[in-house]
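Structural overview for review
The residues making up each chain are set out below.
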Amino acid sequence: MSLTDKAIDRIRDLIQSGELPPGAKLPPEQQLAVELGLSRNLMREAVKALVVARVLEIRRGDGTYVTSLEPELLLSSIGSAVELLRGDTLLELTEVRRLFEPVATGLAATRISAGELAEVERHLDAMRAAREDIERLTEHDAAFHRAVVAATGNATLATLLEGISSRTLRARVWRGLVDDNAAARTVAEHEAIFQALVAGDACLARAAALLHVSTTEQWLREHLEPNSAVPDLP
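These numbers were taken from a predicted model, which means no experiment stands behind them.

1. A short note on the overall build of the chain
Each helix and strand in the chain was counted, giving 11 helices and 2 strands. Taken from the N to the C terminus, the helices and strands of the chain come in the order α-α-α-β-β-α-α-α-α-α-α-α-α. Counting every position in the chain, which comprises 234 residues, the buried fraction comes to 42%. Taking contacts inside the chain between residues at least 6 apart in sequence as the whole, the part at least 24 apart equals 73%. Total accessible area computed for the chain in this model is approximately 12200 Å², and 53% of it derives from carbon and sulfur atoms.

2. Considering helix α7 (residues 114-129)
For α7, with 16 residues, the first-to-last C-alpha span of 23 Å sits near the 22 Å given by 1.5 Å per residue. Listing the buried residues of α7 in full gives L117, V120, H123, L124, A126 and M127. The inward-facing, buried residues of α7 contact α8 (134-150) and α10 (182-199).

3. Overview of helix α2 (residues 29-36)
Taken residue by residue, α2 has L32, A33 and L36 as its buried positions. Mapping the buried residues of α2 onto a view down its axis gives an arc of 100°, with all of them on the same face. In α2, those exposed residues whose orientation departs by more than 90 degrees from the buried face are V34 and E35. On the buried face of α2, the contacting elements are α1 (3-17) and α3 (40-52). Among the residues trailing α2, G37 stands out with phi positive, at a value near 70°.

4. Here's the deal with the environment of A199
For A199, the location among the structural elements is in helix α10. Residue classification places A199 among the exposed residues on the basis of a relative accessible area of 58%. Placed 89 residues apart in sequence, A199 and T110 show a C-alpha to C-alpha distance of 9.4 Å.

5. Describing the confidence of the model for the chain
On average, residues of the chain carry a pLDDT of 84, and 83% of them reach 70 or more. Highest mean pLDDT in the chain belongs to α7 (96); lowest belongs to helix α5 (residues 78-82) (62).

6. Considerations on the environment of H123
If you trace the backbone, H123 turns up in helix α7. Along the sequence, H123 and E139 sit 16 residues apart, while their C-alpha atoms lie 9.1 Å from each other. Not counting residues up to four positions away in its chain, the partners in contact with H123 are H140, A143 and F144.

7. Comments concerning the packing of aromatic side chains
One pass over the structure, following the stated rule, counts 0 aromatic pairs. Sitting over the ring of Y65, R59 keeps its end group 3.8 Å from the ring centre.

8. Concerning unusual backbone geometry
Of note in this structure, R54 is not a glycine but carries a positive phi near 65°. The topology assignment puts R54 in the loop between α3 and β1 (56-59).

Calculation criteria
Residues numbered from 1 in each chain as written. Predicted model: local features only at pLDDT ≥ 70, side-chain atom pairs only at ≥ 80, totals over all residues. Heavy atoms only, no water. Helix = DSSP H or I, 4+ residues; strand = E, 2+ residues; numbered from the N terminus. Buried < 20%, exposed > 50% of the residue type's maximum accessible area, 1.4 Å probe, protein only. Contact = heavy atoms within 4.5 Å. Areas by Shrake-Rupley, 256 points an atom, 1.4 Å probe, with all protein chains shown as cover. Expected span 1.5 Å × (residues − 1). Arc of directions from axis to C-beta. pLDDT = per-residue confidence, 0-100. Phe/Tyr/Trp six-rings, centres within 6.5 Å; stacked < 30°, edge-to-face > 60°. Lys NZ or Arg CZ within 6 Å of the ring centre and 35° of its normal.

Here it is in structure tokens:
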């Protein structure tokens, strides 16, 4: 472990212990460096790293603060990281989506409100109307799932799935462009998910979501070469 990593751990320990709770202002740099037994250079490097990780934020003319530490903030960088995945690792990502999304959909079936259900239906209606426009259909496909997962009330789960699903979006557009049956099948699969949500049936919702995600995964396994990227889209 480098000295900078050790300095980062020292500051994180203060946050995890509650000495520096969310929203707290850090002591002046020199004071904190002395308290933690670190050089000012190491302290600066540690602070910079934690700012990039969105654990800390620098307010010009005011000081350095601990952020809200909300999942949406701390986990938002997942999407950027998974954008770099290729070939086999993209398939691994679809496996992760297959593990998470059906569970989230089943949970949503037990918690979704009338207003949230209306939002899901709005995106389903848009998908029905966009059968001939693959990119628009796929945008509402993603928004449909986003609305479903939001209905779980679990911000951590929602942020993780958003990061994962954003990377598979291009793959879904690609599938729609080269598979003539993809649009109709996709709409039908979303219809099944929606009906399970209307019924409040968690088991049926999980099964419908599993079928939907597995269909995309299987298609990718048949069409994606090992270690290759999804082709550039027009």
